[in-house]
Each structure stands twice: as structure tokens, then as C-alpha cells.
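# An overview of the molecular structure
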Amino acid sequence: QLVESGGGLVQPGGSLRLSCAASGTITIISIYSMSWFRQAPGKRRELVATITRGGSANYADFVKGRFTISRDNANNTVYLQMNSLKPEDTAVYLCNVVRSVAGNLFDYWGQGNQVTVSS
């Protein structure tokens, strides 16, 4: 129900854009929030950015000013534009959608996309 794309290898200082398309029962009306997480080898999964149903965005301090989260409601897709990438940004990036149905919240995860920042 969540399909990610856009990862890859990039040099330090470069840019990448990740996409995550929702389908099936994850309709735009039911979405509570959309987020990107990342997990590097041997490290805990960490929240990178979140965009709410109302369009408000929040970022982890380590990506502020470099990454931008956005959403395309018409295509039920969330994006993560990553600029000025650093080697420490290397990780598997995962899309997360929280769906609200009758007051209950349901979590959905994408398959993950490897982002490698290296010269």
C-alpha cells in the first residue's frame, strides 16, 4: 500500500528526492500524518520529518534547512527532497503513514530505500 522510490548513491553535497505513493485503503481523507524515518546500520530508527493532514511540517534538527517534506494530495504521495547531503545521512529511508479510521490510528510502512552519500 506504500511504494517508495528515489534512493541511490550520491556524492556529499548532492541532492536526492524520495517519493512514497499510498494506495488501496490509504486514501487522502483517512491520512492523519505522513512521515519519513531513517535507520543506519547498528543504529536506532529515527524520525526525519513529518507532514500533518493540515500540511504542517516538522523536522529533526539534523536535517533542518537541508530537507523538505511535501505532499501531493491529488496523487496521494509524500516526498522528501534532500539537499546538501552528508555521509552521515547514509541510511535506509522509510515512509510511514498514519491512517485515522473511526478514531483509531493505523500505521503503515514502505519497503525502505537505501540512500548512500559517499565520494
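Structural data are supplied above this passage.
Everything numeric here is computed off the predicted structure, so don't read it as measured data. (Residues numbered from 1 in each chain as written. Predicted model: local features only at pLDDT ≥ 70, side-chain atom pairs only at ≥ 80, totals over all residues. Heavy atoms only, no water.)

## Some thoughts on the state of the cysteines
- This model, assessed by the stated rule, comprises 1 disulfide.
- Between Cys20 and Cys95 runs a disulfide, and the two sulfur atoms are separated by 2.1 Å. The S-S bond linking Cys20 to Cys95 shows a torsion near -80°; that makes this disulfide left-handed. Note that Cys20 is positioned in strand 3 (residues 16-22) and Cys95 in strand 9 (residues 91-101), a separation of 75 residues in sequence. With respect to class, Cys20 is no different from Cys95; both count as buried. (Disulfide = S-S within 2.5 Å. Helix = DSSP H or I, 4+ residues; strand = E, 2+ residues; numbered from the N terminus. Buried < 20%, exposed > 50% of the residue type's maximum accessible area, 1.4 Å probe, protein only.)

## Let's talk about the environment of Val115
- Mapping Val115 onto the fold places it in strand 11 (residues 113-117).
- Its relative accessible area of 0% is what places Val115 among the buried residues.
- Placed 99 residues apart in sequence, Val115 and Leu16 show a C-alpha to C-alpha distance of 8.5 Å.
- When neighbours within four sequence positions are excluded, Val115 is seen to be in contact with Gly7, Gly8, Leu16, Leu18, Met82, Asp89, Thr90, Ala91 and Tyr93. (Contact = heavy atoms within 4.5 Å.)

## Quick word on the sheet that holds strand 1 (residues 2-5)
- Judged by pairing direction, the sheet is antiparallel, and its 4 strands sit side by side in the order 1-3-8-7 without closing on themselves. Looking at which strands have only one partner, the edges of the open sheet turn out to be strand 1 and strand 7 (67-72). Between one strand axis and the next, the sheet turns through 15° on average, direction left out of account.
- Of the pairings in the sheet, the one linking strand 3 to strand 8 (residues 77-82) comprises 6 bridges and is antiparallel in character. Within strand 8, the residue paired with Leu16 across the bridge is Met82. (Pairing = 2+ DSSP bridges. Axes fitted to C-alpha atoms, helices over the stretch in contact; angles between N-to-C directions.)

## Quick look at the pattern of salt bridges
- All chains considered together, the criterion is met by 4 salt bridges.
- Taking the shortest distance from any N to any O, the salt bridge between Asp89 and Arg66 comes out at 2.7 Å. Of the two residues, Asp89 sits in the loop between strand 8 and strand 9 while Arg66 sits in the loop between strand 6 (57-59) and strand 7, which places them 23 residues apart along the sequence. Side by side, Asp89 and Arg66 carry an identical accessibility label, which is buried. (Salt bridge = Lys/Arg side-chain N within 4 Å of Asp/Glu carboxyl O.)

## Here's the deal with the environment of Ala60
- Along the polypeptide, Ala60 turns up in the loop between strand 6 and strand 7.
- With 35 residues separating them in the primary sequence, Ala60 and Thr25 have C-alpha atoms 29 Å apart.
- Apart from the residues within four sequence positions on either side, Ala60 is in contact with Leu47 and Val48.

## Describing the packing of aromatic side chains
- Applying the stated criterion across every chain yields a total of 1 aromatic pair.
- Sitting over the face of the ring of Trp109, Arg45 holds its NZ or CZ atom 4.6 Å from the ring centroid. (Phe/Tyr/Trp six-rings, centres within 6.5 Å; stacked < 30°, edge-to-face > 60°. Lys NZ or Arg CZ within 6 Å of the ring centre and 35° of its normal.)

Function cannot be inferred from these measures alone, as they are strictly geometric.
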